[in-house]
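In case you want the letters, here they are:
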Amino acid sequence: VKTGSKWNSCLKAAAMLLFTCANVGREQVSARADACLEEAAELFAAAALQLKMERKIYAAGQALIRSGDCYARHTDQAFQAPAQYAEAARVLRQQFPDAAILALGKAADLRERIPGVGNLQIAGRLRRDQADLHEAAGNSSAVLQALEQAVQLFETDGAASAATACRLRIADTR
């Protein structure tokens, strides 16, 4: 079996699982859909690993984003989605910064909504990473917006030094 067909099979299996889950009746949705979503997320993550090994960076990043999307819809495992999005951004960062910015945005949005210790600080770091990518692209208005969001998140979580560092970057950018 060629390696290209392995990841293709994983992606097809994950897509089939998602379509199967969409046809489940409302009363059975929760448990059945969660099982399908978890399996699909794992298949997308496995496909991403294979794609990274084959140096198909964009496809690997997109598979990780799809894995994150599946986890985000899962009732009990939504907390795993931001990690998948952040990994996608890490994979995409060098060659596809625009896609990495979107993945970081998804990760930060979920971190803000999911309750838990330190999630706002992590979301702030993700926004700061977004600002770095925007800066490399020369988009100063997007840099300012991402940094202002980071300041808000850091302040809300009591991370004054991180908020101050972002404020200094805002001042330097203006």
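Residues numbered from 1 in each chain as written. Predicted model: local features only at pLDDT ≥ 70, side-chain atom pairs only at ≥ 80, totals over all residues. Heavy atoms only, no water.

Caption draft 1: Quick peek at the overall build of the protein. Helix and strand content of the protein: eight helices and zero strands. Here the protein, with 174 residues, has 42% of them falling under the buried criterion. Pairs at least 24 residues apart make up 55% of the contacts formed inside the protein by residues separated by at least 6 positions. Surface summary for the protein: the accessible area is close to 9,500 Å², and the carbon and sulfur share equals 53%. (Helix = DSSP H or I, 4+ residues; strand = E, 2+ residues; numbered from the N terminus. Buried < 20%, exposed > 50% of the residue type's maximum accessible area, 1.4 Å probe, protein only. Contact = heavy atoms within 4.5 Å. Areas by Shrake-Rupley, 256 points an atom, 1.4 Å probe, with all protein chains shown as cover.)

Caption draft 2: Representation of the environment of Ala 33 within the structure. Assignment of secondary structure puts Ala 33 in helix H2 (residues 29–53). Separated by 40 residues in the primary sequence, Ala 33 and Arg 73 have C-alpha atoms spaced 9.1 Å apart.

Caption draft 3: Main features of the confidence of the model for the protein. In this model, the protein carries an average pLDDT of 85, and 82% of its residues clear a pLDDT of 70 or more. Averaged pLDDT values for the elements of the protein fall to 59 in helix H1 (residues 3–22) and rise to 96 in helix H4 (residues 81–92). (pLDDT = per-residue confidence, 0-100.)

Caption draft 4: Main features of the pattern of salt bridges. Per the stated rule, a full pass over the model turns up 10 salt bridges. Here Glu 87 makes a salt bridge to Lys 52, at a shortest N to O gap of 3.1 Å. Placement of the pair is Glu 87 in helix H4 and Lys 52 in helix H2, with a sequence separation of 35 residues. The exposure class of Glu 87 is partly exposed, given its relative accessible area of 23%. Overall, Lys 52 belongs to the partly exposed group, its relative accessible area being 25%. Between Glu 87 and Arg 90 there is a salt bridge, and its shortest N-O distance comes to 2.6 Å. (Salt bridge = Lys/Arg side-chain N within 4 Å of Asp/Glu carboxyl O.)

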